[in-house]
Amino acid sequence: MKIIPRTTQLNTMLQMSNTTRLWLKHFSDYCLPLKSFISRNVTVTTKKKSAVVECLKSRGILRVSGKEASSFMQGLITNDMRHLEEGVQSMYTTFLNTKGRVMYDAIIYQSKEENVFLIECDKSAISHLQKHLKLFRVRRKIDIDNVEDELKVWVVFDPNLADTDETNVNKMKNILQGQILSPTIESPIDESIIKELEKHTDNTIVCRDPRLSTLGVRIVAPASEDISLQNDRGESVYQGNNMSYRAFRYKLGIGEGVNDLPPENCFPLEANGDYLHGVSFHKGCYIGQELTARTHHTGVVRKRLMPIIFESVPQTELEINTPIHVPSGCNKVSVGKLRGVEGNVGLALLRIAQALDASEFKILNVTAETTKPHWWPQEAPKDRIFTVKG
């Protein structure tokens, strides 16, 4: 029997400890507080520049200002305004009706001005959201202005991150079994590029997407500004790509706007609001809180937004809310409804257990399939039991 010196044993244990610590740090975004998750600096050097910039013409901006603006919005949204007060630059949230259904999804930015917040939402719903806010303003000294003509929303993302090999993720899930972890992928957008964008103008907001690091960088800039994405040497920082941001989101299974989240037609947890850091279960009361909290604590979420993949670009026009069926003998079993199509990918609200059990399903005469998004956290015990029982 070979005797290993004690010093060698200690060194081996330290190496194992450091390795475990690094893996835990890489996979613990979901367990971190929202502030830590968003503000964490990530620097990744890529050999090939594949990032794409796109102006999101479907998004608009509301400007909410006043000393009571933060406390006012605290009672209307699913997330916690205290995150912004503590220094976070942006956060994802939803506005609910009294029945707990999503009316509007939004990203709220901390403006560089004191007591001023910018609400990014679907441009077609911006006047409705403005009216909704004014309805609850009562006598508070708060200004709610539509500034969609003054500010534009841009996004910088890497399309390659939509195609993620889950092999390594699954290996780590097995090693760290029993913990609820979110295998988010670090953004390839280098910190130096973000600083370059921030130098564009003093009125530009540049921050990582608060929902998921894979979604890249969000930019709010004056409408007159041209985000040319040129560095000091006049070289192009980003190259073009045929994939649109909408297709990129769909491939990840992330909804955005009134088409993907029809007003008063789905619940925040069905829209993955909890997985995307858009719902706080520790704040005080807000409109629609009761049903949201009850659903979360019971652990029963039957349906969620999920990606769908077609063999090729559908030749048949598929409308929103088209039923999705799984063939079962002579009958058809409904598993959900279509939310949108972009190229050969789409987004649908699906019954999780049935959809994952099916090898394929039909949308009219078009064949498609789905997969569980790699960024979903490992199921809690209640979710796992529910999935098995169906």
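Before any of the text, the structure's been laid out above.
Everything numeric here is computed off the predicted structure, so don't read it as measured data. (Residues numbered from 1 in each chain as written. Predicted model: local features only at pLDDT ≥ 70, side-chain atom pairs only at ≥ 80, totals over all residues. Heavy atoms only, no water.)

Brief notes about the overall build of the chain
Part 1: Scanning the chain from N- to C-terminus turns up 11 helices and 15 strands.
Part 2: Taking all 390 residues of the chain together, the buried fraction comes to 50%.
Part 3: For the chain, long-range pairs separated by at least 24 residues make up 73% of all intrachain contacts whose partners lie at least 6 apart in sequence.
Part 4: About 20,000 Å² of surface is accessible on the chain, with carbon and sulfur atoms providing 49% of the total. (Helix = DSSP H or I, 4+ residues; strand = E, 2+ residues; numbered from the N terminus. Buried < 20%, exposed > 50% of the residue type's maximum accessible area, 1.4 Å probe, protein only. Contact = heavy atoms within 4.5 Å. Areas by Shrake-Rupley, 256 points an atom, 1.4 Å probe, with all protein chains shown as cover.)

Quick notes on the nonpolar core
Part 1: Core analysis: the largest hydrophobic core is formed by 60 residues, its most contacted members being Phe-248, Ile-308, Ile-324, Leu-350, Ile-363 and Trp-375.
Part 2: With near-sequence residues (within four places) excluded, Phe-248 lies in contact with Phe-157, Asp-158, Pro-159, Leu-161, Ala-162, Thr-214, Leu-215 and Met-243.
Part 3: Formed by 27 residues, the second largest nonpolar core is a distinct cluster that contains Leu-62, Val-88, Phe-95 and Ile-119. (Core = buried A, V, L, I, M, F, W, Y, C linked by side-chain atoms within 4.5 Å.)

Points about the packing of aromatic side chains
Part 1: Per the stated rule, a full pass over the model turns up 4 aromatic pairs.
Part 2: An aromatic cluster of three or more residues is present, and its members are Phe-157, Tyr-245 and Phe-248.
Part 3: Taking the ring centre of Tyr-92 as reference, the NZ or CZ of Arg-211 above it sits at 5.6 Å.
Part 4: A cation over a ring is seen here: Arg-304 above Tyr-275, with NZ or CZ 3.9 Å from the ring centre. (Phe/Tyr/Trp six-rings, centres within 6.5 Å; stacked < 30°, edge-to-face > 60°. Lys NZ or Arg CZ within 6 Å of the ring centre and 35° of its normal.)

Section: helix H8 (residues 245–252)
Part 1: Burial analysis of H8 places 6 of its 8 residues in the buried class, which makes it a mostly covered element.
Part 2: Turning to H8, its buried residues number three or more, namely Tyr-245, Ala-247, Phe-248, Arg-249, Tyr-250 and Leu-252.
Part 3: The secondary structure elements touched by the buried residues of H8 are strand S1 (52–55), strand S7 (151–157), strand S9 (217–222), strand S10 (303–310), strand S12 (331–342) and strand S13 (345–351).
Part 4: Within two residues after H8, Gly-253 carries a phi angle of roughly 80°, on the positive side.

Regarding the pairing of S9
Part 1: Across the 6 residues of S9, 6 count as buried, placing the element largely inside the fold.
Part 2: With 6 bridges joining them, S7 and S9 adopt antiparallel strand pairing. Considered in S9, the bridge of Leu-151 is made with Pro-222.
Part 3: Here strand S8 (residues 205–208) runs beside S9; their pairing, made up of 4 bridges, is antiparallel. Within the sheet, the bridge partner assigned to Ile-205 lies in S9 and is Val-220. (Pairing = 2+ DSSP bridges.)

Re unusual backbone geometry
Part 1: Even without being glycine, His-277 reaches a positive phi, approximately 60°.
Part 2: With respect to the element layout, His-277 can be found in the loop between H8 and helix H9 (289–298).
Part 3: For Leu-364, which is not glycine, the phi torsion reads 60° and is therefore positive.
Part 4: Positionally, Leu-364 belongs in the loop between strand S14 (361–363) and strand S15 (366–370).

With respect to the environment of Leu-76
Part 1: Relative to the assigned elements, Leu-76 resides in the loop between helix H3 (69–74) and helix H4 (82–85).
Part 2: Since its relative accessible area comes to 4%, Leu-76 is described here as buried.
Part 3: Put simply, Leu-76 and Phe-95 are 19 residues apart on the chain and 6.2 Å apart in space, counted from C-alpha to C-alpha.
Part 4: Beyond its immediate chain neighbours, meaning those up to four positions away, Leu-76 contacts Thr-94, Phe-95, Leu-96, Leu-133, Phe-136, Tyr-286 and Ile-287.

Some details on the environment of Pro-327
Part 1: Here Pro-327 lies in strand S11 (residues 323–328).
Part 2: Along the chain, Pro-327 and Glu-360 lie 33 residues apart, while their C-alpha atoms are 8.7 Å from each other.
Part 3: If sequence neighbours within four positions are ignored, Pro-327 has contacts with Glu-360 and Lys-362.

Overview of the side chain of Thr-370
Part 1: You can see Thr-370 is positioned in strand S15.
Part 2: Discounting residues that sit within four places of it in the chain, Thr-370 has contacts with Met-306, Pro-307, Ile-308, Leu-350, Ala-355 and Phe-361.

Brief notes about the sheet that holds S7
Part 1: Strand order across the open sheet formed by 4 strands is S1-S7-S9-S8, with antiparallel pairing between neighbours. Each end of this open sheet is capped by a strand with a single partner; those strands are S1 and S8. Direction aside, the axes of adjacent strands within the sheet are offset by 20° on average. (Axes fitted to C-alpha atoms, helices over the stretch in contact; angles between N-to-C directions.)

Some thoughts on the sheet that holds strand S4 (residues 102–110)
Part 1: Strand order in the open sheet formed by 5 strands is S3-S4-S5-S2-S6, with antiparallel pairing between adjacent strands. At either end of the open sheet lies a strand with only one pairing partner, and these are strand S3 (90–96) and strand S6 (143–146). Averaged over neighbouring strand pairs, the angle between their axes works out to 30° when direction is ignored.

Quick look at a negative patch on the surface
Part 1: Together, Asp-143, Asp-145, Asp-149 and Glu-150 make up a negatively charged patch on the protein surface.
Part 2: Along the polypeptide, Asp-149 turns up in the loop between S6 and S7. (Patch = residues over 30% accessible without salt bridge, like charges linked within 9 Å, V, L, I, M, F, W, Y side chains within 5 Å. Salt bridge = Lys/Arg side-chain N within 4 Å of Asp/Glu carboxyl O. Lys, Arg positive; Asp, Glu negative; His and termini not counted. Charge placed at Lys NZ, Arg CZ, Asp CG, Glu CD.)

Quick word on the pattern of salt bridges
Part 1: Counted by the stated rule, this structure contains 14 salt bridges.
Part 2: Residue Glu-120 is joined to Arg-59 by a salt bridge in which the shortest nitrogen-to-oxygen separation is 2.8 Å. Remark: Arg-59 occurs in strand S2 (residues 59–65) and Glu-120 occurs in strand S5 (residues 116–122); sequence separation between them is 61 residues. Residues Glu-120 and Arg-59 agree in their burial class; the two are buried.
Part 3: The partner of Glu-113 in a salt bridge is Arg-63, and the shortest N-O contact between them spans 3.0 Å. Highlighted residues: Glu-113 in the loop between S4 and S5 and Arg-63 in strand S2, separated in sequence by 50 residues.

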